[in-house]
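Letter by letter, the chains look like this.
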Amino acid sequence: MRDIHMIDGTEELAAEAVKHLQALLRCKTVNPPGNESTAIEYIRSQFEAEGIEYRVLEAAPGRVNIWARIRGNGTKRPLLLLSHVDVVPVEREHWSVDPFGGTIQNGYIYGRGAVDTKSLTAKELTLFLHAARQAKAGEMTLSRDLIFLAVADEEQGGTYGMGWIVKNAPELIDVEYALNEGGGFAVEVGGKRIYVCSTAEKGNALIKLRATGDPGHGSVPHQRNAISRLANAVRRVSLAPLPLHVTATARALIATLAQTQKQPQQSLLPLVLNPLLSESLLGTLDTYIADALRAMLHNTASPTLLQAGYASNVIPGEATATLDGRLLPGQTPEMFVAELQRRISDPNVAVEVEGVTFNGHECEQGTELFTAIRDALAMHDPQALISPYLLPAMTDSRFLVPRGIIAYGFDPMMPEPGWPSPQQMAHGHDERISVANVAFGLRVLQRVVTQISA
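These numbers were taken from a predicted model, which means no experiment stands behind them.

**Q** Would you mind going over the layout of surface pockets with me for this structure?
**A** Which parts of space are left empty comes out when a probe the size of a water molecule is rolled across the atoms. By volume, the largest pocket is sized at about 1,400 Å³. Surrounding the largest pocket, 47 residues form its lining, Arg326, Leu391, Pro392, Ala393 and Met394 being those nearest its centre. The set of elements that each furnish at least two residues to the lining of the largest pocket consists of strand 8 (186-189), strand 10 (203-212), helix 6 (248-259), helix 9 (287-297), strand 14 (318-327), strand 15 (349-358), strand 17 (385-391) and helix 13 (422-425). Counting residues per element, the lining of the largest pocket draws most heavily on helix 9, which supplies seven residues. When grouped by side-chain class, the residues that make up the lining of the largest pocket number 24 nonpolar, 13 polar and ten charged. Looking at the second largest pocket, its volume works out to about 270 Å³.

Spelled out as structure tokens, the structure:
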């Protein structure tokens, strides 16, 4: 098999990826309300032009997914290239360009979804089309089927996307490995660059705090006020982290971070895993890194909604708060509720789980795919480090891992000098990614796909 990492044709493939990204950004796939059909039609047209085997999967009117396959020789199980094409809404008044124009300015491609996650779709589409052309020309042989899947509805829970596919067409995702969003970005620590590969994700549990008290006239205050009880409960939850839980992924990341430090910090940093010393050591780190590590070491509950009262002169008998709860791998909603109850310690405040919950997951790290990722980065950024990472949020990988699939979040992006980091641009105003970063990510991903499919 000929090595297909980009030496010849680098500029052509990068230009193709940028073209696909601009076309996808011009598709208004805002969710809610959700209508991914224009983006899926664009991708379908590319497969049709190349004679690639594909299927369009419509979960509901306008809620469309697309699957395609390049057949290998079957000596290894398939590799899935996964992304989503829906995007979150925009506040147009805060954008300097048309958020759906695919504009290029000063070397950056602007548009909602430029980072999350149409750039990954464009790169995976480019690599998939290139592999199909090479296979057709007899220039390469894949050891495993290469599967492309662009889905709907990731931003609103996956009901019409991956959630629908696992229920209605699970045979299409009978794969060994999956590459998805959620990691791949680099952080600068101690003068060194660390790329993170998301091998684990948190689960979720939407929590309702329901405080009860004695209603009455606002002119006669008392200590049984439901709003006051709720305020105290929210304060207790927010004042300090919940109990510390160490995962294998967090341990691996902290070991990598320690490599960037000089003594004595190099020896001290692993002590952040000690619950007695954790907060003191986190206080010595950069705020952004400390916050990220806290989220990797604790279940978290962020207050997001408050509701109480119906008249300014009436003390209500009930007040509620909604908490966005995120659970570490190995933790269950029942464990999470127990932690919150112990922290709040008020029999007048009930802790209730609302809606559908997902458990967190943690994939093994010593895999052929992780080795391919490490080797690709060693080729294209030799001085950098690579580490497993626990994503404090969720992606569509949560539907795959319970099926025995090794799913990693890896969309490689270098830091953008003088600009907000690429991952911080997700869902932000003037969301953008540099042309250079698209080309870099394409090179790394191609090397990964080549090595894993050899």
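Here the narrative resumes, following the displayed structure.
**Q** Would you explain the packing of aromatic side chains in this entry?
**A** Aromatic ring pairs are defined here through the distance separating the ring centres and the angle between the ring planes. Considering all chains together, one arrives at eight aromatic pairs under this definition. Ring centres of Phe358 and Phe399 lie 5.6 Å apart, and the angle between their planes is 80°; this geometry places the pair in the edge-to-face category. You can see Phe358 sitting in strand 15 and its partner Phe399 sitting in helix 12 (residues 397-400), a full 41 residues away along the chain. Since its relative accessible area comes to 12%, Phe399 is described here as buried. Through a chain of ring-to-ring contacts, three or more aromatic side chains come together here, namely Phe47, Tyr54, Phe128 and Phe148. Note that Arg398 overlies the ring of Phe358, its terminal NZ or CZ placed 4.5 Å from the centroid.

**Q** Explain the sheet that holds strand 14 to me, please; I cannot follow it from the model alone.
**A** Strand pairing in a sheet is mediated by backbone hydrogen bonds. Such pairs are either parallel or antiparallel. Taking strand neighbours across the sheet as the criterion, the four strands line up as 12-14-10-15 in an open arrangement whose pairing is antiparallel. Of all strands in the sheet, those with a lone pairing partner are strand 12 (300-308) and strand 15, marking the two edges. Neighbour-to-neighbour, the strand axes of this sheet turn through a mean angle of 20°, independent of strand direction. Taken together, the seven bridges between strand 10 and strand 15 define a ladder with antiparallel strand orientation. Paired with Lys208 across the bridge in strand 15 is Glu352. Contacts from helix 10 (residues 333-344) reach strand 10, strand 12, strand 14 and strand 15, with the element oriented near 155° to strand 15.

**Q** Just to check I follow, could you spell out the pattern of salt bridges for this structure?
**A** Here the idea is simple: oppositely charged side chains can pair when their charged atoms come close. One pass over the structure, following the stated rule, counts 25 salt bridges. Between Lys123 and Asp411 there is a salt bridge, with the nearest N and O atoms lying 2.6 Å from each other. On the criterion of sequence distance, the pair formed by Lys123 in helix 3 (residues 118-136) and Asp411 in the loop between strand 18 (406-409) and helix 13 is long-range, its members being 288 residues apart. In this structure Lys123 comes out as buried when scored by relative accessible area, which is 0%. The salt bridge involving Glu368 is made with Arg144; its shortest N-O contact spans 3.4 Å. You can see Glu368 sitting in helix 11 (residues 368-380) and its partner Arg144 sitting in the loop between helix 3 and strand 6 (146-151), a full 224 residues away along the chain. Overlapping salt bridges bring together Lys76, Arg144, Glu176 and Glu368 as one network.

**Q** Is there a simple way to explain the side chain of Ser397 in this structure?
**A** For Ser397, the position within the fold is in helix 12. Residue classification places Ser397 among the buried positions, given a relative accessible area of 1%.

**Q** Even after reading the chapter, I still don't get the packing of helix 2 (residues 37-50) against helix 3, so can you show me in this structure?
**A** Helix packing geometry: the angle between the two helix axes and the distance between the axes. As a packed pair, helix 2 and helix 3 sit with axes 11 Å apart at the nearest point and diverge in direction by 10°. Regarding the angle of helix 2 to helix 3, the classification is roughly parallel. Seen from helix 2, the contacting residues are Tyr42, Ile43, Gln46, Phe47 and Glu50; seen from helix 3, they are Thr121, Leu125, Phe128, Leu129, Arg133 and Lys136. Per-class residue counts for the contact of helix 2 with helix 3 are six nonpolar, two polar and three charged.

Rules of the game
- Residues numbered from 1 in each chain as written.
- Predicted model: local features only at pLDDT ≥ 70, side-chain atom pairs only at ≥ 80, totals over all residues.
- Heavy atoms only, no water.
- 1 Å grid on protein atoms, 1.4 Å probe; cavity = no way out; pocket = protein on both sides within 12 Å on 5 of 7 lines; lining within 4 Å.
- Points joined across faces, edges and corners; volume = space filled by probe spheres on them.
- Helix = DSSP H or I, 4+ residues; strand = E, 2+ residues; numbered from the N terminus.
- Nonpolar A, V, L, I, M, F, W, Y, C, P; charged D, E, K, R; others polar.
- Phe/Tyr/Trp six-rings, centres within 6.5 Å; stacked < 30°, edge-to-face > 60°.
- Buried < 20%, exposed > 50% of the residue type's maximum accessible area, 1.4 Å probe, protein only.
- Lys NZ or Arg CZ within 6 Å of the ring centre and 35° of its normal.
- Pairing = 2+ DSSP bridges.
- Axes fitted to C-alpha atoms, helices over the stretch in contact; angles between N-to-C directions.
- Contact = heavy atoms within 4.5 Å.
- Salt bridge = Lys/Arg side-chain N within 4 Å of Asp/Glu carboxyl O.
- Parallel < 35°, antiparallel > 145°, perpendicular 65-115°, else oblique.

This is a description of form; function is not addressed.
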